[in-house]
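What the coordinates show
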Amino acid sequence: MAAVAAFAGWLLRLRAAGADGPWRRLCGAGLSRGFLQSASAYGAAAQRRQVAHFTFQPDPEPVEYGQTQKMNLFQAVTSALDNSLAKDPTAVIFGEDVAFGGVFRCTVGLRDKYGKDRVFNTPLCEQGIVGFGIGIAVTGATAIAEIQFADYIFPAFDQIVNEAAKYRYRSGDLFNCGSLTIRSPWGCVGHGALYHSQSPEAFFAHCPGIKVVVPRSPFQAKGLLLSCIEDKNPCIFFEPKILYRAAVEQVPVEPYNIPLSQAEVIQEGSDVTLVAWGTQVHVIREVAAMAQEKLGVSCEVIDLRTILPWDVDTVCKSVIKTGRLLVSHEAPLTGGFASEISSTVQADPLECRGSLRPSREGA
Amino acid sequence: MRKMLAAVSRVLSGVAQKPASRVLVASRHFANDATFEIKKCDLHRLEEGPPVTTVLTREDGLKYYRMMQTVRRMELKADQLYKQKIIRGFCHLCDGQEACCVGLEAGINPTDHLITAYRAHGFTFTRGLSVREILAELTGRRGGCAKGKGGSMHMYAKNFYGGNGIVGAQVPLGAGIALACKYNGKDEVCLTLYGDGAANQGQIFEAYNMAALWKLPCIFICENNRYGMGTSVERAAASTDYYKRGDFIPGLRVDGMDILCVREATKFAAAYCRSGKGPILMELQTYRYHGHSMSDPGVSYRTREEIQEVRSKSDPIMLLKDRMVNSNLASVEELKEIDVEVRKEIEDAAQFATADPEPPLEELGYHIYCNDPPFEVRGANQWIKFKSIS
């Protein structure tokens, strides 16, 4: 709520400033004293409680994929995994505690349905899990590995970055581990503190050869996960853990794909482009609604969906239209993925330079 | 007759007289010490192990009893506070494993070092912090040992390096502390603890190799409570002989529910390390009554009957109590008195932990870096700034 209020405050200043000139002055260090006072007033109110707040906003029921069922995020993931194992006889799911259903119930029922040689537990060894998964994938089988929390993915960082990402390249396309997908719960949940709240997508964005995907809802999650599993590159699929139960939507029962590296414009607008992914998309949507209602600012909301490789065209096209960009993510600000988006958008020589002042909002 | 005398003297003289009457009772009735037989430890690459008999003095017995009861009550109080949502976040309780923390402390010196994983409340207490500080840390108040910023998994004390959230990550740290011990030449050892789940992490084996190669005074201790979260050891490990996992490192398997067994094994291991022979591995076979954490009921992967059986046959506090009472080292009433005192201490500490204020918001950014000039940290948006000093 505080973040939303601060956000709205920012938009207020934006609107008051008009298009270019005064707005340019207000950015950076050149803030006027009066401006600062109101900022600190916001700051004081905002500092009282910094608890994450969002309301999940479900998308309308999809009609093009057949019969749908009410599912939350973990059920959508189970459904996607179920479809995968049914379609692909080489698919296996493994990770810590996946056999009984997983600590977030994403794999409930799969072991009973597909057998213990296709859904099995590993010991507590992240580096081993990913390395082992790369090995399975290299032989051509489909490996779906689970890392219990994204915070624990770091022992496997070497395997992902040095082994998985570079396999195809270094073998001259002779071998690849494209059928590897790593799923991991991601993002803040309120009580997670240091080691159950991290959003490490920026660390992996720095590594060519892998794909990084973050869904915002059950419908998106199932389609994106199925695309990741079928994609011929190693993929990391981060599932916002706070949405596991909180996000409920109508999701098609049959398999369907949502293309990777395609951002989605959720809401069209003309004054400013707001970009986010995962849980933060719902915060941004709320902000867009508040901005429209209270300030008359029309926001274009984009869900990035795939972090790497990201959809530069959609974002740039939108920014050309609106002239302003704001990127918001849970991860820390410095070196966060927003910095990549903001610098790319500013660097595009043909269209974007001169009329853009992107702003970054990080955790 | 004696009991009546003691009771009468208590009633007539009030609380202050109690210690006196107890001393009176002691010199007349209780033994000073007793010898007990303890279970022989399984050995790996060792010719001989810890002794199979040990002497327990009355004073030590009462001390261990009090400490174990304090840890037990503290953990149960934490359970209660968690259910009342006064403690939030993650909370991993060690009731059932009291013999491990108290027994280990009994076998080493306060100048030795200890590092463990997240089931650390018991060790925080045995390493010298008060229950007040521990409970206040759990509730996230400024009276907590980490100023309310660490929580359940991040408690530290002198020569106690936590309190670590990431499984297995503390083991190479322990090897490093052992290197420092050897380097400083003060005859200190480092106890490096990890669980049966962590025993399958790669970095543990890296630490074994380094410790053995450089003959570091490191006692690797695997607290085997049979379950790595929800996975039983048979389903996680190719070899459940955790004391042999060090391969080239000698090991012993210890009954972790018997505090005297733990104490003797620790003394043996510490002596081994202090003599410069290099690292040694101890497996403590123990059990936890609670689930892995407060979000785990603890009964979906094991039966209630199993928990009940351990509670009735191998409870560490019960075992010590029976031994002391049967060998006339203490009376049931005396131990009950200790129970009452401990209960009160925990109650007071819980009171404090609930009433103490939270750390001030200004301190949110402190201690990120070690910096001479303070600097500013951005909060959740660009108008919120926290000062960071160290």
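Under UniProt, the name given to chain B is Pyruvate dehydrogenase E1 component subunit alpha, somatic form, mitochondrial, and the source organism is Bos taurus. Per UniProt, chain B carries the Catalytic activity text "N(6)-[(R)-lipoyl]-L-lysyl-[protein] + pyruvate + H(+) = N(6)-[(R)-S(8)-acetyldihydrolipoyl]-L-lysyl-[protein] + CO2". Of chain B, the UniProt comment under Subcellular location reads exactly: "Mitochondrion matrix".

Under an unreviewed UniProt entry, the name given to chain A is 3-methyl-2-oxobutanoate dehydrogenase (2-methylpropanoyl-transferring), and the organism recorded is Bos taurus. Annotation of chain A in UniProt includes, under Catalytic activity (unreviewed entry), the sentence "N(6)-[(R)-lipoyl]-L-lysyl-[protein] + 3-methyl-2-oxobutanoate + H(+) = N(6)-[(R)-S(8)-2-methylpropanoyldihydrolipoyl]-L-lysyl-[protein] + CO2".

1. Digging into a nonpolar patch on the surface
Residues B:Met210, B:Leu213 and B:Trp214 make up a contiguous nonpolar surface patch of about 310 Å² in total accessible area. Accessibility expressed as a relative area gives 44% for B:Trp214, which makes it partly exposed.

2. Digging into the nonpolar core
Residues B:Ile219 and B:Met282 are the most contacted members of the largest nonpolar core, which totals 72 residues. Ignoring any residue separated from it by four or fewer positions in sequence, one finds B:Met282 in contact with B:Leu104, B:Ile219, B:Phe220, B:Ile221, B:Cys222, B:Leu252, B:Val254, B:Ala265, B:Thr266 and B:Ala269. Counting 50 residues, the second largest nonpolar core, distinct from the first, contains A:Ala141, A:Ile210, A:Cys316 and A:Val345.

3. A look at helix α10 (residues 259-274) of chain B
Residue and element names in this part refer to chain B. An ideal rise of 1.5 Å per residue puts 22 Å on 16 residues; α10 measures up with 22 Å between its terminal C-alpha atoms. The N-terminus of α10 is capped by Asp258, whose side-chain oxygen sits 3.0 Å from the backbone nitrogen of Leu260. At the exit of α10 stands Gly276, carrying a positive phi of roughly 90°.

4. As for the UniProt feature "modified residue: Phosphotyrosine" in chain B
All names here are of chain B. As recorded in UniProt, the feature "modified residue: Phosphotyrosine" lies at Tyr301. Looking at where Tyr301 falls in the secondary structure, it is placed in the loop between β10 (280-285) and α11 (304-314). Given a relative accessible area of 18%, Tyr301 falls into the buried group. In this structure, Tyr301 is in contact with Tyr227, Met229, Gly230, Arg288, Gly291, His292 and Asp296, ignoring residues within four places of it in sequence. At 3.0 Å, the side chain of Tyr301 forms a polar contact with the side chain of Arg288.

5. Description of the side chain of B:His121
All names here are of chain B. For His121, the location among the structural elements is in helix α5 (residues 121-126). What makes His121 buried here is its relative accessible area of 0%. In terms of polar contacts, His121 uses its side chain to reach the side chain of Glu75, at 3.0 Å. Looking at His121, its side chain comes within polar contact range of the side chain of Ser152, at 2.9 Å.

6. Points about helix α13 (residues 312-322) of chain A
Residue and element names in this part refer to chain A. The complete set of buried residues in α13 reads Thr314, Val315, Cys316, Ser318, Val319 and Thr322. Check the buried side of α13 and you find it contacts β9 (264-267), β10 (272-276), β11 (299-303), β13 (325-328) and α14 (337-347). One or two residues past the end of α13 sits Gly323, with phi positive at roughly 85°.

7. Remarks on the packing of aromatic side chains
Under the counting rule described, the total for this entry stands at 22 aromatic pairs over all chains. For the pair A:Phe204 and A:Phe238, a centre-to-centre distance of 6.2 Å together with 50° between the ring planes defines the contact as tilted. Of this pair, A:Phe204 sits in helix α9 (residues 201-205) while A:Phe238 sits in strand β7 (residues 235-240); the two residues are 34 residues apart in sequence, bridging distant segments of the chain. A relative accessible area of 0% places A:Phe238 in the buried class. Where B:Tyr227 meets B:Tyr301, the ring centres are 5.3 Å apart and the plane angle is 50°; that geometry is what we call tilted. Highlighted residues: B:Tyr227 in strand β7 (residues 227-228) and B:Tyr301 in the loop between β10 and α11, separated in sequence by 74 residues.

8. Re the sheet that holds strand β9 (residues 251-255) of chain B
In any sheet, the strands associate via hydrogen bonds between backbone groups, in a parallel or an antiparallel arrangement. Residue and element names in this part refer to chain B. In spatial order, the strands read β2-β9-β10-β6-β5-β4; together these six strands make up an open sheet with mixed pairing. Single-partner strands in this sheet number two, and they are β2 (42-44) and β4 (113-115). If you compare each strand with its neighbour and ignore which way they point, the axes differ by 20° on average. Sheet topology note: the β2/β9 ladder contains three bridges and is antiparallel. In the strand pairing of β9, Asp42 is matched with Arg253. Contacts between helix α4 (residues 98-107) and the sheet are confined to β5 (190-195), β6 (218-224) and β10, with β10 contributing the most and set at about 145° to the helix.

9. Concerning the confidence of the model for chain A
Residues and elements named next belong to chain A. When pLDDT is averaged along chain A, the result is 86; 81% of the residues meet or exceed 70. Every residue in residues 16-47 is under pLDDT 50, and counting partners more than four places away or in other chains gives 30 contacts. Predicted confidence is poor over residues 352-356, with pLDDT under 50, and the contacts of this stretch with residues over four places away or in other chains come to ten contacts.

10. Details of the pattern of salt bridges
Evaluated as defined, the whole model comprises 32 salt bridges over all chains. Across the salt bridge formed by A:Glu230 and A:Lys87, the nearest N and O atoms sit 2.6 Å from each other. With A:Glu230 in helix α10 (residues 218-230) and A:Lys87 in helix α4 (residues 73-87), this pair connects stretches of sequence that are 143 residues apart. Two residues, B:Lys244 and B:Asp241, come together in a salt bridge whose shortest N-O distance is 3.8 Å. The class for B:Lys244 is partly exposed, based on a relative accessible area of 37%. The network of salt bridges with shared partners includes A:Asp59, A:Arg216, A:Glu264, A:Arg285, A:Asp303 and A:Arg305.

11. Describing the UniProt feature "domain: Transketolase-like pyrimidine-binding" (unreviewed entry) in chain A
With numbering matched to this structure, UniProt assigns "domain: Transketolase-like pyrimidine-binding" (unreviewed entry) to residues 71-246 of chain A. Across residues 71-246 of chain A one finds 38% helix and 16% strand; the C-alpha atoms that close the span lie 10 Å apart.

12. Observations concerning unusual backbone geometry
Put simply, A:Leu308 and A:Pro309 share a cis peptide bond, and its omega is -15°. With respect to the secondary-structure elements, A:Pro309 resides in the loop between β12 (306-308) and α13. Of note in this structure, B:Arg226 is not a glycine but carries a positive phi near 75°. Along the polypeptide, B:Arg226 turns up in the loop between β6 and β7.

13. Some points on the UniProt feature "binding site: pyruvate" in chain B
Here, UniProt's "binding site: pyruvate" annotation points to B:His92, B:Tyr118, B:Arg119, B:Ala157, B:Gly165, B:Val167, B:Asp196, B:Gly197, B:Ala198, B:Asn225 and B:Tyr227. In summary, the annotated positions, distributed over 136 residues, remain apart in three dimensions as well, the widest C-alpha pair reaching 27.7 Å. With respect to the secondary-structure elements, B:Val167 resides in the loop between α6 (131-138) and α7 (170-184). Other than its neighbours up to four places away in sequence, B:Val167 contacts A:Leu124, B:Tyr118, B:Ala198, B:Gln201 and B:Gln203. By relative accessible area, which is 9% here, B:Tyr227 ends up buried. With sequence-adjacent residues up to four places away left out, B:Tyr227 is seen in contact with B:Asp196, B:Ser232, B:Val233, B:Tyr287, B:Arg288, B:Tyr301, B:Arg302 and B:Glu306.

14. Structural notes on the sheet that holds strand β3 (residues 119-121) of chain A
Residues and elements named next belong to chain A. The strand order across the open sheet formed by seven strands is β3-β2-β4-β5-β7-β6-β12, and the pairing between neighbours is mixed. This sheet does not close on itself; its edge strands, each paired only once, are β3 and β12. Within this sheet the neighbouring strands show an average axis-to-axis angle of 20°, counted without direction. Packed onto the sheet, helix α6 (residues 126-138) meets β2 (92-95), β3, β4 (143-146) and β5 (180-186) and runs at close to 165° relative to β2.

Reading guide: rules and limits
Residues numbered from 1 in each chain as written. Chains lettered and ligands numbered in written order. Predicted model: local features only at pLDDT ≥ 70, side-chain atom pairs only at ≥ 80, totals over all residues. Heavy atoms only, no water. UniProt positions renumbered as here; feature names shortened; annotations may be inferred. Patch = residues over 30% accessible without salt bridge, like charges linked within 9 Å, V, L, I, M, F, W, Y side chains within 5 Å. Areas by Shrake-Rupley, 256 points an atom, 1.4 Å probe, with all protein chains shown as cover. Salt bridge = Lys/Arg side-chain N within 4 Å of Asp/Glu carboxyl O. Buried < 20%, exposed > 50% of the residue type's maximum accessible area, 1.4 Å probe, protein only. Core = buried A, V, L, I, M, F, W, Y, C linked by side-chain atoms within 4.5 Å. Contact = heavy atoms within 4.5 Å. Helix = DSSP H or I, 4+ residues; strand = E, 2+ residues; numbered from the N terminus. Expected span 1.5 Å × (residues − 1). Polar contact = N/O pair within 3.5 Å; in protein donor to acceptor, adjacent residues only side chain to side chain. Phe/Tyr/Trp six-rings, centres within 6.5 Å; stacked < 30°, edge-to-face > 60°. Pairing = 2+ DSSP bridges. Axes fitted to C-alpha atoms, helices over the stretch in contact; angles between N-to-C directions. pLDDT = per-residue confidence, 0-100.

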